[in-house]
Amino acid sequence: RQRLAAEVRRRAVAERERAARAANEAELIREQEAARSAEVAREAEARAAERVRARRAEAEAERARAQAAELEEAIYRMDPEEAAARQEEARAAQAAAAARLRRRR
């Protein structure tokens, strides 16, 4: 009877240890899955931010093109000296916008 009770206790201890190991493994798996999910979310957020930056750069380039077109139009109505100065300003603004757009890409 004592041997039987000792065997039952030994099996119960072994079963509790096995259950604890299984619970620890399950927790580890949950933590790894949560870390993977967080990484996927961070990557998606980074891609979204990059798309926003690209849209802003495109909008800035479009504004620079529109401004350059307005300046070109105004140049035709100015005296030659002022026209040359404004034309140079327009070229510089367009070159700066193009450089910013290239850096962002």
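All values derive from a computational prediction rather than experimental measurement.

Quick look at the overall build of the protein now. The helix and strand inventory of the protein stands at two helices and zero strands. What you see for the protein is a C-alpha radius of gyration of 35 Å, clearly larger than the 13 Å of a compact globule of 105 residues, by over 25%. Projected onto its principal axes, the C-alpha positions of the protein cover 115 × 15 × 10 Å. Per-residue burial over the protein gives 11% buried out of 105 residues. For the protein, the exposed area adds up to about 8,800 Å²; of that, 53% sits on carbon and sulfur atoms. Computing the positive centroid from 26 side-chain charges and the negative centroid from 22, the protein places the two 14 Å apart.

Topologically, Arg-10 is positioned in helix 1 (residues 2-75). Residue classification places Arg-10 among the partly exposed positions, given a relative accessible area of 49%. With 79 residues separating them in the primary sequence, Arg-10 and Glu-89 have C-alpha atoms 89 Å apart.

This paragraph deals with the environment of Val-40. Of note, Val-40 is situated in helix 1. Remark: the alpha-carbon pair of Val-40 and Ala-14, spanning 26 residues in sequence, is separated by 39 Å.

This part is about the pattern of salt bridges. All chains considered together, the criterion is met by 10 salt bridges. Between Glu-15 and Arg-18 there is a salt bridge, with its nearest N and O atoms 2.8 Å apart. Taken together, the residues span about one helical turn, with Glu-15 and Arg-18 both in helix 1 at a distance of three residues. Judged by its relative accessible area of 40%, Glu-15 is partly exposed. Judged by its relative accessible area of 45%, Arg-18 is partly exposed. A salt bridge links Glu-62 to Arg-65, with the shortest nitrogen-to-oxygen separation between them at 3.0 Å. Here Arg-65 and Glu-62 lie together in helix 1, a separation of three residues that amounts to about one turn. Several salt bridges converge on common partners, so that one network encompasses Glu-7, Arg-10 and Arg-11.

What counts as what
- Residues numbered from 1 in each chain as written.
- Predicted model: local features only at pLDDT ≥ 70, side-chain atom pairs only at ≥ 80, totals over all residues.
- Heavy atoms only, no water.
- Helix = DSSP H or I, 4+ residues; strand = E, 2+ residues; numbered from the N terminus.
- Rg over C-alpha atoms; globule rule 2.2 N^0.38 Å.
- Buried < 20%, exposed > 50% of the residue type's maximum accessible area, 1.4 Å probe, protein only.
- Areas by Shrake-Rupley, 256 points an atom, 1.4 Å probe, with all protein chains shown as cover.
- Lys, Arg positive; Asp, Glu negative; His and termini not counted.
- Charge placed at Lys NZ, Arg CZ, Asp CG, Glu CD.
- Salt bridge = Lys/Arg side-chain N within 4 Å of Asp/Glu carboxyl O.

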